[in-house]
Amino acid sequence: MGQKYKQFSLEERCTLCRLGQAGKTIRQIAATLDRAPSTIMRELKRNRGSQVGYQPAYAEKQANSRRWKGSRLLRDPDLQAKVLNRLMQGWSPAQVAGRLKKENRRQVISYESIYRFIDAQIRRTKDFSWRHYLPRAKSKRGWRGRKGGSVVDRIEGRVSINQRPAYIDKRRQPGHWEGDLMLFAKYGQAVLVTHERHSRLLCVSRQPSKAAKPVVKKLTKLFSSLPASLRRTLTLDNGTEFAYHHRLHKLSMRTFFCDTHAPWQKGGIENAIGRMRRGLPRKTDLATLSDHRLLSLVRSYNHTPRKCLNFKTPAEVFTRDLLHFKCESTFRFSPE
C-alpha cells in the first residue's frame with residue numbers, strides 16, 4: 001500500500017520557490033523536501049500562475065480554493081431552512097448559532113458562516129432582498145458612520161451617569177433600568193420603552209405625546225407594580241420628556257442622565273430599540289398599528305434568546321430568576 005498523500009504547507013511552498021529560483025532541478029528539490037519528483041511536478045503545474053509564475057502565496061490560495069466545497073448552508077438544505085426561518089423571526093445570526101448550539105449540545109454552525117452565506121447570496125444573485133434576513137438589513141458588511149446630533153436641554157435635578165455606582169455597570173444586580181422614547185415620522189407619535197439591565201427585559205407602551213407629564217405618569221404606573229428589589233435606578237437621556245423624573249424618587253428610585261451626545265452610555269436600550277425598529281420602522285403610523293401587533297413585537301423580543309444571557313430569553317431570566325419567590329401572589333406583571 002502506498003504512502004498517504006500529504007498536502008504542501010506554506011513553508012514547503014516557500015522552500016520550493018526559493019530552490020527553483022536558485023536553479024535547482026526537480027529531483028534536487030524533491031530530495032530536499034523529501035517528496036517524490038512527480039509530486040513536485042504536479043505542484044508546479046497546478047498552482048503556478050501564467051503571469052506570476054510559481055509564488056508561495058498564490059499557490060496556497062489556488063490549493064485552498066480547490067478544497068472549498070461550498071457554504072455549509074448550501075450543502076445542508078435542512079439546516080439552511082432552520083437558519084432562515086429563525087432569521088425571519090428577527091433573530092440575529094449570533095442568536096441563531098448560539099441557540100442551535102444550546103439545543104444540540106454542540107457547535108452546529110457559526111454566526112460568521114451565516115453572515116458569509118447571506119453576503120455570498122447577495123453577491124452571487126444580485127438579489128438584495130437577502131439583506132432583510134439580517135438585523136440591520138445592510139447589503140454590505142462593515143460599519144457605516146452616522147452624522148447629526150440633538151440639542152440637549154438643562155433638566156432640573158439632573159444627576160450625571162458619572163455619579164452612578166460602578167457596580168451597576170456589571171449588570172449583576174436586578175432592578176436597574178434604562179428608558180427612552182421611540183419617535184416616528186408622524187409628529188406627536190411616540191412609544192415609551194423601558195429596559196431592565198440585568199435580564200434585558202423590554203416593556204413598551206404607547207404615549208399620547210412626547211410631553212413630560214404623561215411620560216412620568218406611565219413610568220410611575222409601571223414601576224409601582226414592581227417589588228422594591230426590582231426598582232432601584234433609571235438611566236435616561238437628556239430629552240425634555242424626562243423633565244419630571246424626580247417624581248419617581250417617591251418610589252425610592254434614583255435617576256441618572258447620560259452625558260450629552262453619548263447614547264452609548266445606555267447601550268442596552270439603544271440595542272433594544274434597534275431590534276424593535278425591525279418591526280417598527282420610523283415610517284410606521286401608530287394610528288394604524290393594532291395593540292395585538294405591538295404586543296406581538298414585544299413578545300418576540302422578550303422570547304428571543306440572547307448570547308449575553310447564555311442563550312436564555314429575557315422573559316425566562318426575568319420571570320424564573322428574578323420574580324421567583326420574590327413577588328407576592330397578587331403581583332400581576334407580565335413580561336409580554
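Residues numbered from 1 in each chain as written. Predicted model: local features only at pLDDT ≥ 70, side-chain atom pairs only at ≥ 80, totals over all residues. Heavy atoms only, no water.

Our next topic: the packing of helix α6 (residues 77-88) against helix α8 (residues 111-125). The contact between α6 and α8 brings their axes to 12 Å, and the two run at 85°. With respect to α8, the axis of α6 lies roughly perpendicular. Of α8, the residues touching α6 (which contributes Q80, V83, L84 and L87) are I114, F117 and I118. (Axes fitted to C-alpha atoms, helices over the stretch in contact; angles between N-to-C directions. Helix = DSSP H or I, 4+ residues; strand = E, 2+ residues; numbered from the N terminus. Parallel < 35°, antiparallel > 145°, perpendicular 65-115°, else oblique. Contact = heavy atoms within 4.5 Å.)

Before going further, it helps to spend a moment on the pairing of strand β1 (residues 176-183). The element β1 is extensively covered by neighbouring structure, given that 7 of its 8 residues are classed as buried. Judged from the 3 bridges that link them, β1 and strand β4 (residues 233-236) form a sheet pairing that is parallel. Residue pairing for β4: H176 is matched across the bridge by T233. Sheet analysis places β1 next to strand β2 (residues 190-196), joined by 7 bridges and oriented antiparallel. From the neighbouring strand, M182 faces β2, where its bridge partner is V191. Connecting the antiparallel pair β1 and β2 is a turn made up of 6 residues, with G188 showing a positive phi of about 90°. (Buried < 20%, exposed > 50% of the residue type's maximum accessible area, 1.4 Å probe, protein only. Pairing = 2+ DSSP bridges.)

Moving on, we come to the confidence of the model for the protein chain. Of all residues in the protein chain, 90% have pLDDT values of 70 or greater, and the mean over the chain is 86. For the stretch residues 148-152, pLDDT sits under 50, and the model shows 4 contacts to residues farther than four places along the chain or on other chains. Here residues 325-336 is modelled with pLDDT under 50, and outside its nearest four sequence neighbours on either side it reaches 24 contacts, counting other chains as well. (pLDDT = per-residue confidence, 0-100.)

Counting 23 residues, the largest nonpolar core has W177, L219, F223, L234, F242, L248 and F318 as the members making the most contacts within it. Mapped onto this core, the elements with two or more residues apiece are β1, β2, α9 (212-224), β4 and α12 (314-322). Among the elements that make up this core, the one with the highest residue count is α9 (5 residues). Those residues in contact with L248, other than ones at most four positions away along the chain, are V216, L219, T220, F223, L234, M253 and T255. The next biggest cluster of nonpolar side chains, apart from the first, holds 17 residues, and it includes I273, L280, L289 and L294. (Core = buried A, V, L, I, M, F, W, Y, C linked by side-chain atoms within 4.5 Å.)

Of note, G53 is situated in the loop between α3 (37-47) and α4 (56-67). Relative accessible area serves as the criterion here: at 14%, G53 is assigned to the buried category. Distance from G53 to C17, taken between C-alpha atoms, is 9.7 Å for residues 36 residues apart in sequence.

A separate point is α6. In this model α6 runs 16 Å from its N-terminal to its C-terminal C-alpha over 12 residues, within 8% of the 16 Å that 1.5 Å per residue would give. Buried residues of α6: L79, Q80, V83, L84, R86 and L87, and no others. Viewed end-on, α6 has its buried residues packed into an arc of 165°, placing them on one side of the element. For α6, the exposed residues set more than 90 degrees away from the buried face come down to P77, D78, K82 and M88. Against α5 (72-75), α7 (93-104) and α8 lie the buried residues of α6. Downstream of α6 by one or two residues, G90 has phi in the positive range, about 100°. (Expected span 1.5 Å × (residues − 1). Arc of directions from axis to C-beta.)

On to the sheet that holds strand β3 (residues 202-207), then. If you trace the 5 strands from one edge of the open sheet to the other, you get β3-β2-β1-β4-β5, paired in mixed fashion. Bordering the open sheet on either side are β3 and β5 (254-257), each of which pairs with just one other strand. Each adjacent strand pair in this sheet contributes to an overall mean axis angle of 25°, direction not counted. On the sheet, helix α10 (residues 267-276) packs against β1, β2 and β3 and is oriented at approximately 40° with respect to β1.

Overall, the coordinates contain 13 salt bridges when judged by the stated rule. Of the charged contacts, one joins R99 and E103 as a salt bridge, the two residues approaching to 3.7 Å between their closest N and O atoms. Separated by 4 residues within a single helix, R99 and E103 lie in helix α7, roughly one turn from each other. Assessed through its relative accessible area of 45%, E103 is described here as partly exposed. D237 is the partner of K266 in a salt bridge, and the nearest nitrogen-oxygen pair spans 4.0 Å. (Salt bridge = Lys/Arg side-chain N within 4 Å of Asp/Glu carboxyl O.)

Before going further, it helps to spend a moment on the pairing of β4. Neither face of β4 is open: one carries T233 and T235, the other L234 and L236, and all of them are buried. Summarising the sheet, β4 and β5 pair through 4 bridges and their orientation is parallel. Pairing of L234 across the sheet is with T255, part of β5.

Now for the packing of helix α1 (residues 10-21) against helix α2 (residues 26-33). Viewed as axis vectors pointing N to C, α1 and α2 meet at an angle of 145°, and their least axial separation amounts to 10 Å. Judged by the twist between their axes, the crossing of α1 over α2 is right-handed. Of the residues in α2, those in contact with E12, T15, L16, L19 and G20 of α1 are I29, T32 and L33. Across the contact of α1 with α2, the residue classes tally to 4 nonpolar, 3 polar and 1 charged. (Left-handed = near helix turned anticlockwise from the far one by under 90°. Nonpolar A, V, L, I, M, F, W, Y, C, P; charged D, E, K, R; others polar.)

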